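Structural description and commentary
Residues per chain, in single letters:
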Amino acid sequence: MLNITLLDSPHSFAANCYMISSGGECAIIDPTVPYSPELCQGRLKYILLTHAHFDHILDIDSWVANTDAKVICSIDEKDALSDPMRNCYKLFNGSDNGFYGDAFAIENGGVLPLGDDRISLMYCPGHTIGSVTYLCDGNAFVGDTIFENGGYGRFDLPTGNFVMMRESIKRLINLPDETRVYSGHGNSTTIREYKLYL
Ligand SMILES: [Zn+2]
């Protein structure tokens, strides 16, 4: 059974940051909260990135510096972490910031064990070329691909693509209706609720 906690970010313009845990191991999804040992529910194994946009990686350095967790992203997103154009630090902050440490790129369908559960990666390009959804125990962490009330992410930023976005949404709505959807911004929803807006 996966435990999911939405962490409170101190930043005014930050993506949702989730701590997930299972069987004494945990992972943080889109680190927008500074590292603190109390936030970890067991041994921190992964720092999971839905994509490389700056508002999803604001506190990544503090988690990398204080833990031995692996940074995980998709193959197509890895280079964007250190590219201020692609990660949008340039556009929104006017800075050349990014993440310049090691990241492990995982293929579509790749599986990461976490305690008693398994996290699988589903590529969902569209918002960015390397956006992914992490699936675990009936939950989908979708980043900025879809949002509550039938919403979906921008596809006008670097590497964004409307056709790919449409295909990714089609794949997501094929998940079981009861799948709980945790987006990068806003409240959680379910695939059943999402489909009501189509
Ligand atoms: Zn984004």
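Let me begin by describing the structure that accompanies this report.

1. So, the overall build of the protein
- Each helix and strand counted, the protein has 4 helices and 14 strands in total.
- For the protein, the C-alpha radius of gyration of 15 Å lies close to 16 Å, the compact-globule estimate for 198 residues.
- Based on the C-alpha atoms only, the size of the protein along its principal axes is roughly 45 × 40 × 30 Å.
- Burial status across the protein gives 46% buried among its 198 residues.
- In the protein, the share of contacts with a sequence separation of at least 24, taken over all contacts with a separation of at least 6, comes to 52%.

2. Some points on the sheet that holds strand β2 (residues 17–22)
- Pairing in this open sheet of 6 strands is mixed, and the strands run β1-β2-β3-β4-β5-β6 from one edge to the other. Strands with a single pairing partner mark the edges of an open sheet, and in this sheet they are β1 (3–7) and β6 (104–106). Pairs of neighbouring strands in the sheet enclose a mean axial angle of 25 degrees, with direction left out of account.
- Both strand β5 (residues 70–74) and β6 contribute to a ladder of 3 bridges, which runs parallel. If you follow C73 over to β6, its bridge partner there is A105.

3. Section: the sheet that holds strand β7 (residues 111–114)
- Read across the sheet, 6 strands follow the order β7-β8-β9-β10-β13-β14 without closing on themselves; strand pairing throughout is mixed. Strands at the two margins of the open sheet, each flanked by one partner only, are β7 and β14 (189–190).
- Direction of pairing for strand β9 (residues 132–136) relative to strand β10 (residues 139–143): antiparallel, over a ladder of 3 bridges. Within the sheet, the bridge partner assigned to L135 lies in β10 and is A140.

4. Thoughts on helix α3 (residues 162–172)
- Every buried residue belonging to α3 is among M165, S168, I169 and L172, and all of these are buried. An end-on view of α3 places all buried positions within 100 degrees of arc, on one side of the element. Of the exposed residues in α3, the ones pointing more than 90 degrees away from its buried face are V163, R166 and K170.
- As for α3, its buried residues are in contact with β9, β10, β11 (146–147) and β12 (151–152).

5. Brief notes about the environment of Y197
- Positionally, Y197 belongs in the segment after α4 (191–195).
- What makes Y197 exposed here is the crowd of 12 C-beta atoms within 10 Å.
- Residues Y197 and E148 lie 49 residues apart in sequence; the distance between their C-alpha atoms is 9.6 Å.
- Dropping the residues within four chain positions of it, Y197 is found in contact with N149 and G150.

6. Brief notes about the pairing of β2
- Of all 6 residues that make up β2, 6 are buried, and the element is covered over most of its length.
- Residues C17, M19 and S21 of β2 are buried on one face, and the alternating residues Y18, I20 and S22, pointing to the opposite face, are buried as well.
- The pairing of β2 with strand β3 (residues 25–29) spans 5 bridges and is antiparallel. What sits directly across from M19, in β3, is I28.
- A loop of 2 residues connects β2 with β3, the two strands running antiparallel in sequence, and G23 in this loop sits at a positive phi of about 50 degrees.

7. Concerning the nonpolar core
- Grouped together as the largest cluster of nonpolar side chains are 54 residues, with contacts concentrated most on A27, I29 and I47.
- If we ignore the near neighbours within four places in the chain, the residues touching I47 are I28, P31, I60, W63, V64, A69, K70, V71 and I72.

8. With respect to unusual backbone geometry
- Here the phi dihedral of D30 falls at roughly 55 degrees; this positive angle occurs in a residue that is not glycine.
- Relative to the assigned elements, D30 resides in the loop between β3 and β4 (43–48).
- Despite not being glycine, D137 shows a phi value in the positive range, around 55 degrees.
- Overall, D137 belongs to the partly exposed group, with 16 C-beta atoms counted inside 10 Å.

Thresholds applied
Residues numbered from 1 in each chain as written. Predicted model: local features only at pLDDT ≥ 70, side-chain atom pairs only at ≥ 80, totals over all residues. Helix = DSSP H or I, 4+ residues; strand = E, 2+ residues; numbered from the N terminus. Rg over C-alpha atoms; globule rule 2.2 N^0.38 Å. Buried ≥ 20, exposed ≤ 12 C-beta atoms within 10 Å, placed from the backbone. Contact = placed C-beta atoms within 7 Å. Pairing = 2+ DSSP bridges. Axes fitted to C-alpha atoms, helices over the stretch in contact; angles between N-to-C directions. Arc of directions from axis to C-beta. Core = buried A, V, L, I, M, F, W, Y, C linked by C-beta atoms within 7 Å.

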